[in-house]
Amino acid sequence: MFKFPKDLYVDVRLEESFDTNISFKQDTLQSQKVRTTKGAFVRVFDGQRWYYGSTTDLSQVQAQIDTLAAMATPNPEILEHPLVQAFEVHQERLLRYEENSVTAVPVKEKQALLESFLKYLDHEAIVNHTSRYVDNKTIKSFFSSKGSAIVFDRQTCGIRLGLDIAWGEKKDQMAVSKGAIFFSDLKELHEFFQAEIQKNLEFVRDAEPVVPGDYAVLLSPEATGVFTHESFGHKSESDFMVGDETMREEWALGKRVGRDLLTIIDDSTVLGNGYTPFDDEGTRGRKTEIISGGILTGRLHSTLTAVALAEEVTGNARAMNFEFEPLVRMTTTYIDKGDRPLAEIIGEMEKGIFVDTLKHGSGMSTFTLAPARAYKIENGKITTPVKISVITGNVFTTLEEVDAVSEEFELTSFVGGGCGKMEQWPLPVGFGGPYTRVRKLKVQ
């Protein structure tokens, strides 16, 4: 397809992306956007340095290769370079969404579906609301001078409702969102959105400020997912460790960081927001156990970091789109399910906090979670709602405090937002897990 220059390593990433974005403010249509973008990212490596370029003109990809190659120094030994040797070579065509594609659904049908959810927002306490439908289908192609020829697609869609709720002096901003793979899946979510809207209304009406302090905290699958992503997932991205001996010592493989019940996984083969069958260097996606039975057993890698740390690639080199170079990023990251019923875990808690939904989270060595809905746990039962500003903790200390994970388990995806790293935001990721109990966290 392309003429690759001699004595250099070259790879080309082509992307064709289809997006729909429909939004309402109250009952008024604000925007209805449908667009298709095409572009390419080209890399050339001569054994000493990388040369990058991107273009939206696919007819100019060969010219881009030639221009970058002219800047590089030919290296007859390029195929013997450890980095080039580590690049995987695959020839595969993996198109899952040629049928049931969001591109085949008329935009009027997408708008009508979104409007069908607006009736649930007709409540005196909802003083303002916004709604949004989004979808994306991306086809990626990857070619390299080593012989890779890969084509695959990924697809997501979803609905998000934003609510301004006021019961007298009690006011809060809440949201309900749900992602899916197929448009038809969204048609089945009416009961979910009705129930979540009602929970938010009751929470704002009834919640009282929490008494600050240290509590045992039970995290829902959603909260577990964000907790795992923010408190631990970023720490597992190995580009933070290259050239940093302190980080490498802190992250020494074989180190015990939790109880036997704790296993944390990044799995790029899970369908949804984090689905990455091949990363942006052509590495096949896979399931990576970062913690196995409380022991650090792995980390997330690009080819560069895997070579630098003398470890195996994991397929985690991801770029937000064709305008950016790949970085080490998570895909779908979660705590593995346990073998204890949720009711049993709650039943043995005399005093604690249940975090049901979250507004946002952030973190590295320390992390912060901002709950949307949270409730007291008293004498083995979830009781009254409490307003919490933030929950904070230290990563490794908190992992050691995880003392129960449920057999109930859920993976999910947010609509809107995403993971941020450097200038690349928002990157779609998946998350979730079981209900997870942490013996002590600081609640404010």
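Everything numeric in this text was worked out from a predicted model, so none of it was measured.

## Some points on empty space enclosed by the protein
Evaluated as defined, the whole model comprises 1 cavity of 30 Å³ or more. Of the pockets and cavities examined, the largest cavity occupies roughly 30 Å³. Lining the largest cavity are Arg13, Lys140, Phe142, Phe152, Phe278, Asp279 and Asp280. Class assignment for the residues of the lining of the largest cavity results in 3 nonpolar, no polar and 4 charged.

## A word on the packing of aromatic side chains
The description of an aromatic ring pair uses the distance of the two centres, along with the angle that the planes make with each other. Scanning all chains against the criterion turns up 21 aromatic pairs. Relative to Phe182, the ring of Tyr97 has its centre 5.8 Å away and its plane inclined at 65°; by these criteria the two rings are edge-to-face. Residue Tyr97 is found in the loop between strand 4 (91–94) and helix 3 (107–117), and its partner Phe182 is found in the loop between strand 7 (170–180) and helix 4 (183–186); the two are separated by 85 residues along the sequence. The exposure class assigned to Phe182 is partly exposed, which follows from its relative accessible area of 27%. Measuring from centroid to centroid gives 6.1 Å for Tyr133 and Phe183, while their planes differ by 75°, and the two rings are edge-to-face. Placement of Tyr133 in strand 5 (residues 126–144) and of Phe183 in helix 4 is noted, with a sequence separation of 50 residues between them. An identical accessibility class is assigned to Tyr133 and Phe183; each is buried. Taken together, Tyr9, Phe41, Phe45, Trp50, Tyr52 and Phe87 form an aromatic cluster joined through their ring pairs. A cation over an aromatic ring shows up here: Lys178 above the ring of Phe192, its NZ or CZ 4.8 Å from the ring centre. The ring of Phe396 has Lys255 lying over it, and the distance from NZ or CZ to the ring centre is 4.6 Å.

## A closer look at helix 1 (residues 61–71)
Residues three or four positions apart in an α-helix share a direction because the helix packs 3.6 residues into each turn. Taken together, the buried positions of helix 1 are Val61, Gln64, Ile65, Leu68 and Ala69. Angular distribution of buried residues about the axis of helix 1 spans 130°; they occupy a single face of the element. Looking at the buried residues of helix 1, the elements they touch are strand 1 (9–25), strand 2 (28–45) and strand 3 (50–55).

## Observations regarding the pairing of strand 10 (residues 264–267)
Going residue by residue along strand 10, you find Ile264 and Asp266 tucked away on one face and Ile265 and Asp267 tucked away on the opposite face as well. Bridge count for strand 10 against strand 15 (residues 332–335) is 3 bridges, and the pairing is antiparallel. In the sheet register, Ile265 faces strand 15, and the bridge partner there is Tyr334.

## Digging into the pattern of salt bridges
Applying the stated criterion across every chain, the model contains 29 salt bridges. Linking Glu348 and Arg437 is a salt bridge whose minimum nitrogen-to-oxygen distance equals 2.8 Å. With Glu348 in the loop between helix 9 (342–347) and strand 16 (351–363) and Arg437 in strand 23 (residues 430–443), this residue pair connects regions lying 89 residues apart in the sequence. The class of Glu348 is partly exposed, set by a relative accessible area of 42%. Here Arg437 falls in the buried class, since its relative accessible area comes to 9%. Shared partners join several salt bridges into a network, and the residues in it are Arg340, Glu344, Glu348, Asp403 and Arg437.

## Some thoughts on the environment of Ala125
With respect to the helices and strands, Ala125 occurs in the loop between helix 3 and strand 5. Here the alpha-carbon distance between Ala125 and Trp167, two residues 42 residues apart in the chain, equals 5.9 Å. Ignoring any residue separated from it by four or fewer positions in sequence, one finds Ala125 in contact with Asp164, Ile165, Ala166, Trp167 and Leu201.

## Here we look at the environment of Arg160
Here Arg160 shows up in strand 6 (residues 149–167). The spatial distance from the C-alpha of Arg160 to the C-alpha of Asp403 is 33 Å, given a sequence separation of 243 residues. Residues within four places of Arg160 in sequence aside, it is in contact with Thr130, Ser131, Arg132, Ala175, Val176, Ser177 and Val415. One polar contact links the side chain of Arg160 to the main-chain carbonyl oxygen of Val415, over a distance of 3.3 Å.

## A few points about the nonpolar core
Nonpolar side chains in soluble globular proteins generally cluster together in the buried interior. Among the nonpolar cores identified, the biggest contains 42 residues, and Tyr133, Ile159, Ile165, Leu186, Ile197 and Leu218 are the most heavily contacted of them. Among the nonpolar cores identified, the runner-up in size contains 40 residues, and Val328, Met330, Ile335 and Leu441 belong to it.

## Brief notes about helix 6 (residues 221–233)
Under the 1.5 Å per step criterion, the end-to-end length of helix 6 is only 16 Å for 13 residues, more than 12% shorter than the ideal 18 Å. The set of residues buried in helix 6 consists of Pro221, Ala223, Thr224, Gly225, Val226, Phe227, Thr228, His229, Glu230, Ser231, Phe232 and Gly233.

## A few points about the side chain of Ser141
Mapping Ser141 onto the fold places it in strand 5. On the accessibility criterion, Ser141 (14% relative accessible area) is buried. Excluding its chain neighbours within four sequence positions, the residues that come into contact with Ser141 are Val12, Arg13, Leu14, Ile150 and Val151.

What counts as what
- Residues numbered from 1 in each chain as written.
- Predicted model: local features only at pLDDT ≥ 70, side-chain atom pairs only at ≥ 80, totals over all residues.
- Heavy atoms only, no water.
- 1 Å grid on protein atoms, 1.4 Å probe; cavity = no way out; pocket = protein on both sides within 12 Å on 5 of 7 lines; lining within 4 Å.
- Points joined across faces, edges and corners; volume = space filled by probe spheres on them.
- Nonpolar A, V, L, I, M, F, W, Y, C, P; charged D, E, K, R; others polar.
- Phe/Tyr/Trp six-rings, centres within 6.5 Å; stacked < 30°, edge-to-face > 60°.
- Helix = DSSP H or I, 4+ residues; strand = E, 2+ residues; numbered from the N terminus.
- Buried < 20%, exposed > 50% of the residue type's maximum accessible area, 1.4 Å probe, protein only.
- Lys NZ or Arg CZ within 6 Å of the ring centre and 35° of its normal.
- Arc of directions from axis to C-beta.
- Contact = heavy atoms within 4.5 Å.
- Pairing = 2+ DSSP bridges.
- Salt bridge = Lys/Arg side-chain N within 4 Å of Asp/Glu carboxyl O.
- Polar contact = N/O pair within 3.5 Å; in protein donor to acceptor, adjacent residues only side chain to side chain.
- Core = buried A, V, L, I, M, F, W, Y, C linked by side-chain atoms within 4.5 Å.
- Expected span 1.5 Å × (residues − 1).

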